[in-house]
Amino acid sequence: MAFEKMIRNAFDESRNDCRFGDTLEEIAEIQEYIKNAQKIYIPNKNGIKVEVLNEVLNEYGLPEAEILQIDTNTADTSRIPALAKAYMALDQSDADLIIARGRLGIPGSGSLLIFIDNKGRILTAGTSASHAVHKRSIEEAVYKEACEALEKIGFKKIKG
C-alpha cells in the first residue's frame, strides 16, 4: 500500500466508524517513508543536535540529515514550540522529512523531538522531561528522544 493511499484509507475508516487502531501495514508505510526520504533537514542554529541525530539515524540504518540553519527563537512563543520549529523548517525548505526538537509546551513542560513529512504530518515523536528534572546533557536527551521516536514505529538498531 502506498503512503498517501494508506492515509486516505485510515481517514475513510475513521469517517465510516470502522477504524480499530493502527495496523502493521501502516507502520511499515511510515518506516518506508522515512527510509526513502532524500532531503532530511534539522532546523538548528548549531550542529550539536545534527551530529547526535545523525548518529542515531546511522545506528538505525537510516539516511543522514542536514542542518537547516534558521533562527527558530520565535517558535518559543507558540503553544508547541517543537512543532512550530518543524513547520518553520518545512516552509523554508524542500524537505521530504523534518526532524525538529524544542520545548513541548509552556516553559517547564519538557522537550519534544518530532518527525514530520513534507506535508507537515506527524510521523512520530519522542519526549523527555524538563532538563531541570532529568539533568542530562542536551546530547543525551536528544539521543534518547530520537531512539524513542524511531522505536515507537518499529525501528530497531542495526549498529551500536
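Being a predicted model, the structure only gives us computed values, none of them experimental.

What counts and how
- Residues numbered from 1 in each chain as written.
- Predicted model: local features only at pLDDT ≥ 70, side-chain atom pairs only at ≥ 80, totals over all residues.
- Heavy atoms only, no water.
- Helix = DSSP H or I, 4+ residues; strand = E, 2+ residues; numbered from the N terminus.
- Rg over C-alpha atoms; globule rule 2.2 N^0.38 Å.
- Buried < 20%, exposed > 50% of the residue type's maximum accessible area, 1.4 Å probe, protein only.
- Contact = heavy atoms within 4.5 Å.
- Areas by Shrake-Rupley, 256 points an atom, 1.4 Å probe, with all protein chains shown as cover.
- Lys, Arg positive; Asp, Glu negative; His and termini not counted.
- Charge placed at Lys NZ, Arg CZ, Asp CG, Glu CD.
- Expected span 1.5 Å × (residues − 1).
- Core = buried A, V, L, I, M, F, W, Y, C linked by side-chain atoms within 4.5 Å.

(A) Spotlight on the overall build of the protein. Along its length, the protein carries 6 helices and 5 strands. In the protein, the succession of helices and strands from N to C terminus is α-α-β-α-β-α-β-β-β-α-α. Computed over the C-alpha atoms, the radius of gyration of the protein is 16 Å, within 12% of the 15 Å expected from 2.2 N^0.38 for a compact globule of 160 residues. Principal axes of the C-alpha set define a box for the protein whose edges measure 45 × 35 × 30 Å. By residue count, 46% of the 160 residues in the protein fall in the buried class. Taking contacts inside the protein between residues at least 6 apart in sequence as the whole, the part at least 24 apart equals 56%. About 8,700 Å² of surface is accessible on the protein, with carbon and sulfur atoms providing 52% of the total. Between the centroid of the 21 positive side chains of the protein and the centroid of its 25 negative side chains there is a distance of 4 Å.

(B) Spotlight on helix 4 (residues 81–91). Among the 11 residues that make up helix 4, 9 are buried, leaving the element largely enclosed by the rest of the structure. Within the span of helix 4, buried status applies to Pro81, Ala82, Leu83, Ala84, Lys85, Ala86, Met88, Ala89 and Leu90.

(C) Representation of helix 3 (residues 48–59) within the structure. With 12 residues, helix 3 extends 17 Å from end C-alpha to end C-alpha; this agrees with the ideal 16 Å at 1.5 Å per step. Every buried residue of helix 3 is listed here: Lys49, Val50, Val52, Leu53, Asn54, Val56, Leu57 and Glu59. Packing partners of the buried residues in helix 3 comprise strand 1 (40–43), strand 2 (66–68), helix 4, strand 3 (97–103), strand 4 (111–117) and helix 6 (138–152). In the segment just after helix 3, glycine 61 is the residue with positive phi, at about 70 degrees.

(D) The nonpolar core, seen in detail. Counting 29 residues, the largest nonpolar core has Ile34, Ile99, Phe115 and Leu123 as its most contacted members. Where this core is concerned, the elements lending two or more residues are helix 1 (3–15), helix 2 (24–35), strand 1, helix 3, strand 3, strand 4 and helix 6. Residues Ala75, Met88, Ile98 and Ile116 belong to the second largest nonpolar core, which totals 18 residues.

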